[in-house]
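Below, each chain spelled out in residue letters.
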Protein chains: 2
Amino acid sequence: MALSNEVAENAEVGRKGILDAAAQLFGRQGYGAVSLRMIAESAGIKAGSIYYHFASKDAIITEILDAGIQAVHDEVRDRLAALDADAPARDVLRAVIHGHLGALLEHGDYTSANVRIFGQVPPAVRDANLPVRRAYENFLDDLLSDLQTQGAIRGDINLPRFRLMLFGALNATLEWFDPQKGDAEGLADDYADMFLNGILNRDGEKI
Amino acid sequence: MALSNEVAENAEVGRKGILDAAAQLFGRQGYGAVSLRMIAESAGIKAGSIYYHFASKDAIITEILDAGIQAVHDEVRDRLAALDADAPARDVLRAVIHGHLGALLEHGDYTSANVRIFGQVPPAVRDANLPVRRAYENFLDDLLSDLQTQGAIRGDINLPRFRLMLFGALNATLEWFDPQKGDAEGLADDYADMFLNGILNRDGEKI
DNA sequence: GTCTATATCTGGATAGAC
DNA sequence: GTCTATCCAGATATAGAC
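Let us look at the structure shown here. (Residues numbered from 1 in each chain as written. Chains lettered and ligands numbered in written order. Predicted model: local features only at pLDDT ≥ 70, side-chain atom pairs only at ≥ 80, totals over all residues. Heavy atoms only, no water.)

Description of the interface of chain A and chain B
- On the side of chain B, 35 residues touch chain A, which itself brings 35 residues to the contact.
- Across the chain A to chain B interface the summed buried area is about 3500 Å²; carbon plus sulfur atoms make up 60%.
- Looking at the side of chain A facing chain B, the largest losses of area belong to Arg-161, Ile-199 and Leu-200 of chain A, adding up to 22% of the total buried there.
- Put simply, chain A and chain B have four salt bridges between them.
- Its salt-bridge partner being Arg-161 of chain B, residue Asp-190 of chain A comes within 2.9 Å of it at the nearest N-O pair.
- For the pair chain A and chain B, the number of links is 20 residue pairs in polar contact (both at pLDDT 80 or more).
- Counting residues per element, the ones that place at least two in the side of chain A that touches chain B are helix H5 (89-105), helix H8 (159-172), helix H9 (184-197) and helix H10 (203-206) of chain A.
- Here the element with the most residues in the side of chain A that touches chain B is H9 of chain A; it accounts for nine residues.
- Of the residues belonging to the side of chain A that touches chain B, the class tally is 18 nonpolar, eight polar and nine charged. (Contact = heavy atoms within 4.5 Å. Buried area = accessible area lost by both parts, 1.4 Å probe. Salt bridge = Lys/Arg side-chain N within 4 Å of Asp/Glu carboxyl O. Polar contact = N/O pair within 3.5 Å; in protein donor to acceptor, adjacent residues only side chain to side chain. Helix = DSSP H or I, 4+ residues; strand = E, 2+ residues; numbered from the N terminus. Nonpolar A, V, L, I, M, F, W, Y, C, P; charged D, E, K, R; others polar.)

Focus: the pattern of salt bridges
- According to the stated counting rule, one finds 22 salt bridges over all chains in the structure shown.
- Its salt-bridge partner being Glu-75 of chain B, residue Arg-79 of chain B comes within 3.0 Å of it at the nearest N-O pair. With Arg-79 of chain B and Glu-75 of chain B both in helix H4 (residues 57-81) and four residues apart, the pair spans about one turn of that helix.
- Look at Arg-79 of chain B and you get partly exposed, because its relative accessible area is 24%.
- Close ionic contact of Asp-78 of chain B with Arg-77 of chain B constitutes a salt bridge, the shortest N to O distance being 3.0 Å.
- A relative accessible area of 37% places Arg-77 of chain B in the partly exposed class.
- One salt-bridge network, in which partners are shared between bridges, spans Asp-74, Arg-77 and Asp-78 of chain A. (Buried < 20%, exposed > 50% of the residue type's maximum accessible area, 1.4 Å probe, protein only.)

A word on the relation of the copies chain A and chain B
- Aligned on chain B, chain A shows an RMSD of 0.1 Å; the corresponding rotation is 180 degrees and the shift along the axis is 0.0 Å. Overall, the copies show the geometry of a two-fold rotation axis.
- Mapped onto chain B, 100% of the interface residues of chain A again fall at the interface, so both copies present the same surface. (Least-squares fit on C-alpha atoms with pLDDT ≥ 70 in both.)

Observations regarding the packing of H5 of chain A against helix H7 (residues 123-149) of chain A
Residues and elements named next belong to chain A.
- At their nearest, the axes of H5 and H7 sit 10 Å apart, and the two run at 160 degrees to each other. Considering the angle they form, H5 stands roughly antiparallel to H7. Considering only the axes of H5 and H7, their crossing is left-handed. When H5 is examined against H7, the residues Ala-89, Val-92, Leu-93, Val-96 and His-100 are found in contact with a partner set consisting of Tyr-136, Leu-140, Leu-143, Leu-144 and Leu-147.
- Residue classes in the contact of H5 with H7 are distributed as nine nonpolar, one polar and no charged. (Axes fitted to C-alpha atoms, helices over the stretch in contact; angles between N-to-C directions. Parallel < 35°, antiparallel > 145°, perpendicular 65-115°, else oblique. Left-handed = near helix turned anticlockwise from the far one by under 90°.)

Comments concerning the packing of H7 of chain A against H8 of chain A
Residue and element names in this part refer to chain A.
- Close contact between H7 and H8 brings their axes to 10 Å; oriented N to C, the two are set at 120 degrees. One finds that H7 runs oblique with respect to H8. For the crossing formed where H7 meets H8, the hand is right-handed. In contact with Tyr-136, Glu-137, Leu-140, Asp-141, Leu-144, Ser-145 and Gln-148 of H7, H8 contributes Leu-159, Pro-160, Phe-162, Arg-163 and Phe-167.
- In the contact of H7 with H8, the residues fall into seven nonpolar, two polar and three charged.

Re the side chain of Asp-193 of chain B
- Topologically, Asp-193 of chain B is positioned in helix H9 (residues 184-197).
- Separated by 2.7 Å, the side chains of Asp-193 of chain B and Asn-197 of chain B make a polar contact.
- The contacts of Asp-193 of chain B, once residues within four sequence positions are left out, are Arg-154, Asp-156 and Ile-157 of chain A together with Arg-94 and Gly-198 of chain B.

Here we look at the nonpolar core
- Counting residues in each nonpolar core, the largest one holds 84 residues, and the members touching the most others are Tyr-191 and Phe-195 of chain A together with Tyr-191 and Phe-195 of chain B.
- In this structure, Tyr-191 of chain A is in contact with Ile-97, Ala-169, Leu-170, Thr-173 and Trp-176 of chain A together with Arg-161, Leu-164 and Met-165 of chain B, ignoring residues within four places of it in sequence. (Core = buried A, V, L, I, M, F, W, Y, C linked by side-chain atoms within 4.5 Å.)

With respect to helix H5 (residues 89-105) of chain B
- Relative to the 24 Å expected for 17 residues at 1.5 Å per residue, H5 of chain B spans 24 Å between its end C-alpha atoms, a close match to the ideal helical length.
- The element H5 of chain B is largely enclosed, with a buried count of 14 among its 17 residues. (Expected span 1.5 Å × (residues − 1).)

Looking at the side chain of Thr-111 of chain A
Residue and element names in this part refer to chain A.
- Positionally, Thr-111 belongs in helix H6 (residues 109-117).
- Relative accessible area serves as the criterion here: at 2%, Thr-111 is assigned to the buried category.
- With sequence-adjacent residues up to four places away left out, Thr-111 is seen in contact with Gly-68, Ala-71, Val-72, Ala-103 and Leu-104.

Listed below in structure tokens is the structure:
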């Protein structure tokens, strides 16, 4: 009986256990600071065993990076799908911001690992992640383009530049926001308000 | 004659040569990817010689991080000082954005190194950089607070949160903007416009 | 599928000659 | 102030037992 139990326990670690442990460590400590020994210990196995599942450290990173983008893309897509077909532009943009920020701050080590370590990995690994990134960028650019054509977004806004600005601001929240202490949805509300309406007081114009 | 020339050449490398080489490499490749041997080679000396000037790799980083923040702080302060005393809030905020972005993108390896590697260095090094960061943050918070009291910034804007959002968006430009190809001042104009006025079309409200 | 043991390399750091 | 030579710790990765 002991044998079959041990086998079952070992089998549970496996590939996913390594990926989960690695994603958590990379997201918190960065690419260079995390060794295969640390990943192995966190996953409950020995360092050498990792090579049964992955060919290299970079192979692990590559998979984590792709999963991270995909999770954000999926979350944003789902929130948009939940809207009414005739939802106003404000709600569409809010859904994007809430989805992106929610995936980043609340769901998961893969998304935060992606944001944190993408700039630190070797160029070859970065290149491998580009197709998935591009797909998400194109998805958003199409959406924004529609909103601008409809007249909801000002015509003089440079859309790719706005997207880069938005991503920069949203992704940077990882560096200081703690979802345990603060309210991620409230943060998304504040950000959406600033992006959509600006910070200047317009009382003078309205009156 | 040869002797004195050689001494002069060697003396020119020294402390500053090491810092400059290190800042450039760190800013481009990240903390973990840059070794002391690489820094030494780029500075034109051997790795062992670095320890005449610095006690450790972290001592080099610490100095670069402080210089980076200070350069941005100085640039923003100077641009504000160049304004008329009764300059409108729009111009004050524009000066901040132009100064921060200008220091980041055009003047120097130290500022970009700071943004790129701050999240990668050991905690002790990060802590050492905090006082200089805090000083810049407090400087901006005081400025924003004045503008809000005057009624220029909407009363319901959470100022520390706006500052974090602003920094996130501005600092992220390092990841994609190339000042050789694009116009940094034009970029600052676009960003300032989006932050101050928002991206939504307001024609309907005005008419 | 995981273990132990180890090969190989590269990193930061030190000592002493010049 | 810089060089050469070297120590030592820690990294990725491999080989073969179980």
